[in-house]
Amino acid sequence: SERRASGMEIQHHSGRRRAPGAETWGSTDARLKGGGAIWTTPSLDAVRGLVYVPVGNPAPDFFASQRPGANLYTNTMVVLDARTGKLQWYKQGVPHDSHDWDLPVVSPLFTAKVGGVTREVVTMGGKDGLLRLVDRQSREQLYEVPVTTRLNVEQDPTEQGVYACPGVLGGMEWSVPALNPRTDVMVAPAVDWCGVFKSDDEPRFIAGQLFMGGSFTYDPIEKSRGWLTAVKASTGEVLWRYHAVRPMLAAVTATAGGVLFTGELSGDFVALDESDGKVLYRFNCGGSITGGVMSYAVSGKQYVAVVSGMAAGFWQVQPGSMTVTVFALP
């Protein structure tokens with residue numbers, strides 16, 4: 001779903017005015033309880049004065065018939081004027097979502113040569129397991145690449161249950177892809193963890209409680225895993241994949257020297273060769289790594305710092321002390 005925002009409101013039969021997009025929910029009640037929260041970081045185009053906002057999933061999560069339509073502006077990259085907040089345009093990743101596949105990634109913003117033409121682009125990724133590249137001027141989607149297992153993605157949950165991938169913790173989470181503009185390489189971390197989606201016989205809204213409209217049962221923990229997928233940033237061509245035994249949640253840091261830094265739920269800090277994904281160095285920090293890796297210099301010497309020990313309970317990892325570990329070459 002995509003269109004330019006006109007700024008016009010919509011007149012309906014009662015004489016009251018509704019904001020554009022209200023008609024995509026089917027009823028007033030669905031709009032009032034429909035969700036669409038923001039839980040990850042927006043991106044700023046400082047030159048053009050635009051903010052790219054990642055909007056989350058609609059509710060009830062697994063009972064989509066309660067809210068017929070595309071359910072704007074959920075699972076959507078919403079582009080606003082940074083000074084006024086006025087809607088400029090939008091791109092919806094998963095219309096009428098029934099799997100809790102929100103859109104947490106709207107970064108990086110960069111310039112790429114596509115088919116010999118220089119384009120201003122933005123990366124858009126979500127828990128549906130797709131890495132997308134969108135032209136910021138024409139609003140055209142240039143490519144989409146699966147970065148995790150996708151199975152039965154078109155089947156809505158039923159009372160009996162539907163096995164599908166990604167699960168509610170699958171696909172791309174809060175860590176955006178790393179970009180090396182010198183080599184045209186982009187690397188995205190992802191979660192691979194499937195399970196069974198079930199819908200209730202009817203949605204039950206209780207104020208103050210999660211409004212899911214169903215349930216999700218994860219595969220056993222030993223079946224969860226993770227991926228790093230490296231693509232040619234301008235075309236989406238897959239260059240290599242790195243497989244991890246647990247979901248990949250940590251961000252990836254790219255360097256001019258062609259070395260990538262990241263971390264794993266196992267507690268391992270990992271350095272990889274950007275050209276082929278081969279592991280160059282591994283060190284266990286004593287606790288899960290789920291955030292970013294920082295590279296910096298002091299007096300001309302390069303350091304790399306990573307925080308370990310923090311992960312929410314549903315990732316089912318051993319607890320570890322909150323620790324900052326710093327690395328440097330001799």
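The structure this text deals with has already been given above.
Procedures and definitions
Residues numbered from 1 in each chain as written. Predicted model: local features only at pLDDT ≥ 70, side-chain atom pairs only at ≥ 80, totals over all residues. Heavy atoms only, no water. Helix = DSSP H or I, 4+ residues; strand = E, 2+ residues; numbered from the N terminus. Rg over C-alpha atoms; globule rule 2.2 N^0.38 Å. Buried < 20%, exposed > 50% of the residue type's maximum accessible area, 1.4 Å probe, protein only. Contact = heavy atoms within 4.5 Å. Patch = residues over 30% accessible without salt bridge, like charges linked within 9 Å, V, L, I, M, F, W, Y side chains within 5 Å. Areas by Shrake-Rupley, 256 points an atom, 1.4 Å probe, with all protein chains shown as cover. Salt bridge = Lys/Arg side-chain N within 4 Å of Asp/Glu carboxyl O. Pairing = 2+ DSSP bridges. Axes fitted to C-alpha atoms, helices over the stretch in contact; angles between N-to-C directions. Disulfide = S-S within 2.5 Å.

Draft legend 1. Spotlight on the overall build of the protein chain. Broken down by element type, the protein chain carries 1 helix and 25 strands. Taking 330 residues into account, the globule formula puts the C-alpha radius of gyration at 20 Å, and the protein chain, at 21 Å, falls close to it. Its C-alpha atoms give the protein chain principal-axis dimensions of roughly 75 × 45 × 35 Å. Buried residues in the protein chain amount to 49% of all 330 residues.

Draft legend 2. Spatial organisation of the environment of Gly-195. When you line up the elements, Gly-195 lands in strand E15 (residues 195–199). Sequence separation of Gly-195 and Ser-224 is 29 residues, and the distance between their C-alpha atoms is 10 Å. Each residue touching Gly-195, except ones within four places of it in the same chain, is listed here: Val-162, Tyr-163, Ala-164, Phe-216, Thr-217, Tyr-218 and Asp-219.

Draft legend 3. Spatial organisation of a nonpolar patch on the surface. Side chains of Val-307, Met-310, Met-322, Val-324 and Val-326 sit close together on the surface and give an oily, nonpolar patch of about 490 Å² of accessible area. The class of Val-326 is partly exposed, set by a relative accessible area of 44%.

Draft legend 4. Region of interest: unusual backbone geometry. A cis amide bond, omega -5 degrees, links Ala-59 with the succeeding residue Pro-60. Checked against the element boundaries, Pro-60 lands in the loop between strand E5 (50–54) and strand E6 (76–81). A positive phi angle, near 55 degrees, is found at Asn-152, a position not held by glycine. Non-glycine residue Ser-299 carries a positive phi angle of around 55 degrees. Counting through the fold element by element, Ser-299 comes out in the loop between strand E23 (293–298) and strand E24 (301–308). The exposure class assigned to Ser-299 is exposed, which follows from its relative accessible area of 81%.

Draft legend 5. Just the sheet that holds strand E16 (residues 214–218), in detail. Taken together, the 3 strands give an open sheet; going across it, the order is E12-E15-E16, and neighbouring strands pair in antiparallel fashion. A single partner strand is all that each edge strand has here, and the edge strands are strand E12 (162–164) and E16. Taking the axes of each pair of neighbouring strands and ignoring which way they run, one obtains an average angle of 25 degrees across the sheet. Taken together, the 3 bridges between E12 and E15 define a ladder with antiparallel strand orientation. The residue of E15 that forms the bridge with Tyr-163 is Val-196.

Draft legend 6. Spotlight on the state of the cysteines. Scanning all chains against the criterion turns up 1 disulfide. The side chain of Cys-165 participates in a disulfide bridge whose partner is Cys-194; the two sulfur atoms lie 2.0 Å from each other. Torsion about the S-S bond of the Cys-165 and Cys-194 cystine: about 110 degrees, corresponding to right-handed handedness. Taken together, the residues Cys-165 in the loop between E12 and strand E13 (178–180) and Cys-194 in the loop between strand E14 (185–192) and E15 connect sequence positions 29 residues apart.

Take it as geometry only, folks, not as evidence of what the structure does.
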